[in-house]
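Architecture at a glance
Each chain, written out:
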Amino acid sequence: MIKTDMLIIGAGPTGLFTVFEAGLLKLKTHLIDALPQPGGQCSEIYPKKPIYDIPAFPEILAGTLVDNLMEQIKPFEPGFTLGERAETLDKLEDGSFVVTTNKGTKHNAPVVVIAGGLGSFEPRKPPISNIVNFEDTGVSYMIKDPEVYRDKKVVIAGGGDSALDWAIFLTDVAAEVTLVHRRDEFRGALDSVEKASELAKLGKIKLITKAEVKELHGENELKAVVIKHTDKEKEDTYLEVDNFIPLFGLSPKLGPIGDWGLEIQKNAIKVNNAKDYQTNIPGVYAIGDVNTYEGKLKLILSGFHEAAVMCQYAYQQINPGKRFVLKYTTVGGVEGFDGSKKEAKKEVVQSIA
């Protein structure tokens, strides 16, 4: 069994920053995440997308933000259980908790922090009857490794940023890129729309609007798609393809966490934001996009703030009666569990007699 001071469920930006805040309080942490790498949505869905509302960063790529957070928490040596989903929560006689994953890995801690973003995600699938038959042989709902599509014929469906950005990106990778959208207008950033339009004029993207992919064909793997047009006078378009990527977004679900006896409101966990972001179960906290309270803002910076406040109260729960004096890092520095120490240089001022 893995034992730690604070067990964090969710290794997105908020979960990662919690490691830093807990580390300042000399608390050991361990994180569980269903994804195979830290970073949450920032790593899995849009690592190359810029974020504009992180303090002191006028613009930073989501993937770079995760890299920076990982570097920041490195001295505190957090543990990770990745590629496993937190399944059950049990309270022991000593007041601590045991969280077991879907693969049977058990974790024990006096405090559990749920920082799972919007929860687990399921792709929004287009209503094509046999789509599940090709999910491992040509159909993907997100792009993890663009090189998979090297020299392949690819059809992307969708009208948002993801569909536009990946269609643009894959023009330098795939042999052929087709972008299908059911409307004439796109919901993405203006520069992405303009760039896709320009690439279409150059023949690098085959742009098909007011149409939808309605049929998939193939035996053991995807071989072709049928595109039906809104204009009934147009004949169906039959395209030979290697890959079909419908990018209609992800639907957030709390998953097994929703069965832990927590107070749930609109698919989010209700917390006491007036104090410590604790849930209705003492010792279990929820921070970041997964929680809800009056005036909640689902922003990364809000999650960072909630992590800092929560850790102060969690420390008191883990160490009852023990007082910890908060010191600014500019004064106390940062002392890692690996023996490292960061602190401002002390200037010596000599008095003049």
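Definitions and cut-offs
Residues numbered from 1 in each chain as written. Predicted model: local features only at pLDDT ≥ 70, side-chain atom pairs only at ≥ 80, totals over all residues. Heavy atoms only, no water. Core = buried A, V, L, I, M, F, W, Y, C linked by side-chain atoms within 4.5 Å. Buried < 20%, exposed > 50% of the residue type's maximum accessible area, 1.4 Å probe, protein only. Helix = DSSP H or I, 4+ residues; strand = E, 2+ residues; numbered from the N terminus. Expected span 1.5 Å × (residues − 1). Arc of directions from axis to C-beta. Contact = heavy atoms within 4.5 Å. Salt bridge = Lys/Arg side-chain N within 4 Å of Asp/Glu carboxyl O. Right-handed = clockwise from strand over helix to strand, strands pointing away. Pairing = 2+ DSSP bridges. Axes fitted to C-alpha atoms, helices over the stretch in contact; angles between N-to-C directions. Parallel < 35°, antiparallel > 145°, perpendicular 65-115°, else oblique. Left-handed = near helix turned anticlockwise from the far one by under 90°.

Points about the nonpolar core
Formed by 56 residues in total, the largest nonpolar core has its most connected members in Met 6, Val 99, Ile 114 and Trp 260. Among the elements that make up this core, the one with the highest residue count is helix α6 (residues 300–318) (seven residues). If you look at the next biggest cluster of nonpolar residues, it comprises 20 residues, including Tyr 149, Val 154, Trp 166 and Leu 247.

What about helix α5 (residues 190–201)?
A turn of α-helix holds 3.6 residues, and therefore any two residues three or four places apart point the same way. Over its twelve residues, α5 extends 17 Å from the first C-alpha to the last, a length consistent with the 16 Å expected when each residue adds 1.5 Å. By the burial criterion, the buried members of α5 are Ser 192, Ala 196 and Leu 199. Looking down the long axis of α5, one finds its buried residues gathered within 65° of arc, a one-sided arrangement. Across from the buried face of α5, at angles greater than 90 degrees, the exposed residues are Leu 190, Asp 191 and Lys 201. Contacts from the buried residues of α5 go to α4 (161–170). Within two residues after α5, Gly 203 carries a phi angle of roughly 80°, on the positive side.

Things to note about the pattern of salt bridges
If you walk through the whole model with that rule in mind, you get eleven salt bridges. A salt bridge links Glu 77 to Lys 28; its shortest N-O distance comes to 3.6 Å. Placement of the pair is Glu 77 in the loop between α3 (62–73) and β6 (79–82) and Lys 28 in the loop between α1 (13–24) and β3 (29–33), with a sequence separation of 49 residues. For Glu 77, a relative accessible area of 40% corresponds to the partly exposed category. The class of Lys 28 is partly exposed, set by a relative accessible area of 32%. Measuring nitrogen to oxygen at the nearest pair gives 4.0 Å for the salt bridge that ties Glu 335 to Lys 341.

So, the pairing of strand β2 (residues 6–9)
Burial along β2 is two-sided: the residues Met 6 and Ile 8 and Leu 7 and Ile 9 are all buried. Handedness of the β2-α1-β3 crossover: right-handed. Where β2 meets strand β10 (residues 111–114), four bridges bridge the pair, whose relative direction is parallel. In the sheet register, Leu 7 faces β10, and the bridge partner there is Val 112.

Here we look at the packing of α1 against α3
Packing of α1 against α3 leaves a shortest axis separation of 9 Å and a crossing angle of 20°. Regarding the angle of α1 to α3, the classification is roughly parallel. When you trace α1 past α3, the crossing you get is left-handed. Seen from α1, the contacting residues are Pro 13, Leu 16, Phe 17, Val 19 and Phe 20; seen from α3, they are Val 66, Leu 69, Met 70, Gln 72 and Ile 73.

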